[in-house]
Amino acid sequence: MRTVILATLGIVGLANTAQAAPASHPVAETQALELAKQAIALRSVRGPGNQAPQVAALYKAALVTGGFKDADVTITRVDDTAFIIARWPGSDPKLKPLVISGHLDVVEAKAADWKRDPFVPVVENGYLFGRGATDMKLDGTIAIASLIEMKRSGYKPRRDITIEFSGDEETVMKTSALIADKLSNADLVLNIDGGGGTLNEETGKPEYWTWQGAEKTYADFEATVTNPGGHSSAPRKDNAINQLSAALVRIGDYQFKPEVSELTRAYFLQAAKYEDAVTGAAMRAFAANPADPKAIKALTASPSTIGKIGTTCVVTMINGGHAINALPQRVSANINCRIFPGHKPDDIMAELQRVAADTAVTFRNVTEGSVPNDASPMRPDFIAGVEKAMNKVYPGVPVFPSQSSGASDSMWFRYHKVPSYGASPVFIKDSDEFSHGLNERTPIFNIAPAITYYLSLFTDLSK
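Everything in this summary refers to the structure shown in the same document.

Conventions and cut-offs
Residues numbered from 1 in each chain as written. Predicted model: local features only at pLDDT ≥ 70, side-chain atom pairs only at ≥ 80, totals over all residues. Heavy atoms only, no water. Helix = DSSP H or I, 4+ residues; strand = E, 2+ residues; numbered from the N terminus. Rg over C-alpha atoms; globule rule 2.2 N^0.38 Å. Buried < 20%, exposed > 50% of the residue type's maximum accessible area, 1.4 Å probe, protein only. Contact = heavy atoms within 4.5 Å. Areas by Shrake-Rupley, 256 points an atom, 1.4 Å probe, with all protein chains shown as cover. Polar contact = N/O pair within 3.5 Å; in protein donor to acceptor, adjacent residues only side chain to side chain. Core = buried A, V, L, I, M, F, W, Y, C linked by side-chain atoms within 4.5 Å. Axes fitted to C-alpha atoms, helices over the stretch in contact; angles between N-to-C directions. Parallel < 35°, antiparallel > 145°, perpendicular 65-115°, else oblique. Left-handed = near helix turned anticlockwise from the far one by under 90°. Nonpolar A, V, L, I, M, F, W, Y, C, P; charged D, E, K, R; others polar.

## A short note on the overall build of the protein
1) Next: Within the protein one finds 14 helices and 19 strands.
2) Next: Against the 2.2 N^0.38 benchmark of 23 Å for 463 residues, the protein shows a C-alpha radius of gyration of 24 Å, consistent with a compact globule.
3) Next: Projecting the C-alpha coordinates of the protein onto the three principal axes gives extents of approximately 80 × 50 × 50 Å.
4) Next: Of all 463 residues assigned to the protein, the portion counted as buried reaches 55%.
5) Next: Considering only contacts in the protein between residues 6 or more positions apart, those separated by 24 or more positions represent 77%.
6) Next: As displayed, the protein has an accessible area near 19,800 Å², and 54% of this comes from carbon and sulfur atoms.

This is the structure:
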């Protein structure tokens, strides 16, 4: 049975990429796929019936059967979810551990909206379908199978290797924060829920691969105007709705200072090669001079690039008034910001206050489940490790850094000044990216080269 499965994996992989490494770790490759299917079948969604604890138990069973000591694999229940931490002791206790980070939970998926049940995994036409196929149960089981393969081969790490999975990364990140607190002594974190490769839409071959070295800080600010109100038949100049609306228009028209970091400059210079002529030229010009007005205009014109050149803030909700025949006594709006690394949320809130240009508008920070975090350093050992590992499976494929506009568990480690890097080896077409969406799927040819990649990277960073 295993021979048939692996033969199928190899054929699909070669057909799709023409560069994928041949299947050379058949036991690990079979285990990764089968474990992913079992995990997808468990509905690890926040709320009643959350099966994240069962996913944790599934992963623990695999790790213990694969050679981890039972006492070194702990599952901790938190509210309706759980998190798991597994430790592989190294030979030198003085060295800080290498941490491999992921999460157990997935976002909600309603079967009535999908072509197939999202919690019934299906392998079809070279894809694994199901909620979590991309984000991030397949990634997680490939990493688990890779560690077990390392144990099977007799590898002895010099520093501890710790693999952990949070239980609510997709929602409140309570377990994410708890894990980062527990592992704040880590030397480096490999977040297998970030980074990744892009496949060419026409040929299916790998175009480039990025590792994620930074992410913008998530923040919510509430802007409020209050006044005495009164009868609508006797209008006043200081109408709370009018005042806040005018301030919000000024905020909507405002652009935070465009900026570039060492990491984003490297991204722009490399990613420009894969964009249309206008966007590519703007990326190169902006990398050279972040004050270039023509480049700024081109990059702010597109939702896909505006967030890469600085802080962005948008109004996402508004609430006001108490009766249809009364002047409003209180009006408030939520302003959601994604803050460029290096800035404090309170400083951004103060800037919004200045832009609002009305002392009647008050601001307060109402952010939940997020903390400020700066970019991880461009560590030579990490960069050399990922370049070496990627070159083993896809020789010549460009490798360069990226910055995420969203939030991940890396945020909590960076808050503790622990370098964290998104480093998933999975490649996918942009048109196949359905994480958090309908009919989520990932090409299974990724399994064999991903294991080879992980074996190289985990070894280099733990020896």
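Having seen the structure, we can now continue with the description.
## Side note on the side chain of Thr175
1) Next: Mapped onto the secondary structure, Thr175 falls in helix α5 (residues 174-182).
2) Next: Residue classification places Thr175 among the buried positions, given a relative accessible area of 0%.
3) Next: Within the structure, Thr175 has its side chain in polar contact with the side chain of Asp168 (distance 2.5 Å).
4) Next: When near neighbours in sequence (up to four residues on either side) are disregarded, Thr175 contacts Val78, Thr81, Phe83, Ser166, Gly167 and Asp168.

## Side note on unusual backbone geometry
1) Next: Geometrically, the link from Asp135 to Met136 is a cis peptide bond, its omega value of -5° lying close to zero.
2) Next: By the element assignment, Met136 lies in the loop between β5 (127-129) and α4 (137-152).
3) Next: The phi torsion at Asp79 lies on the positive side, around 55°, for a residue other than glycine.
4) Next: Position of Asp79 among the secondary structure elements: in the loop between β1 (73-78) and β2 (81-88).
5) Next: Of note in the backbone geometry, Ala357 takes a positive phi value of approximately 55° without being a glycine.
6) Next: Note that Ala357 resides in the loop between α11 (345-356) and β15 (362-365).

## Brief notes about the nonpolar core
1) Next: In terms of nonpolar packing, the biggest core is built from 69 residues, with Tyr59 and Phe382 touching the most fellow members.
2) Next: Not counting residues within four places of it along the chain, the set of residues in contact with Tyr59 comprises Leu35, Ala39, Ile84, Leu104, Lys137, Thr141, Ile144 and Phe165.
3) Next: Counting 23 residues, the second largest nonpolar core, distinct from the first, contains Ala219, Ala223, Ile339 and Ile348.

## Things to note about the packing of α4 against helix α14 (residues 447-462)
1) Next: Orientation of α4 relative to α14, taken along the N-to-C sense of each, is 55°, at an axis distance of 9 Å. With respect to α14, the element α4 is oriented oblique. For the crossing formed where α4 meets α14, the hand is right-handed. Together, Leu138, Asp139, Ile142, Ala143, Ser146, Leu147, Glu149 and Met150 of α4 and Ile447, Ala450, Ile451, Tyr454, Leu455, Phe458 and Thr459 of α14 make up the contact between the two elements.
2) Next: Here the contact of α4 with α14 is built from residues that sort into 11 nonpolar, 2 polar and 2 charged.

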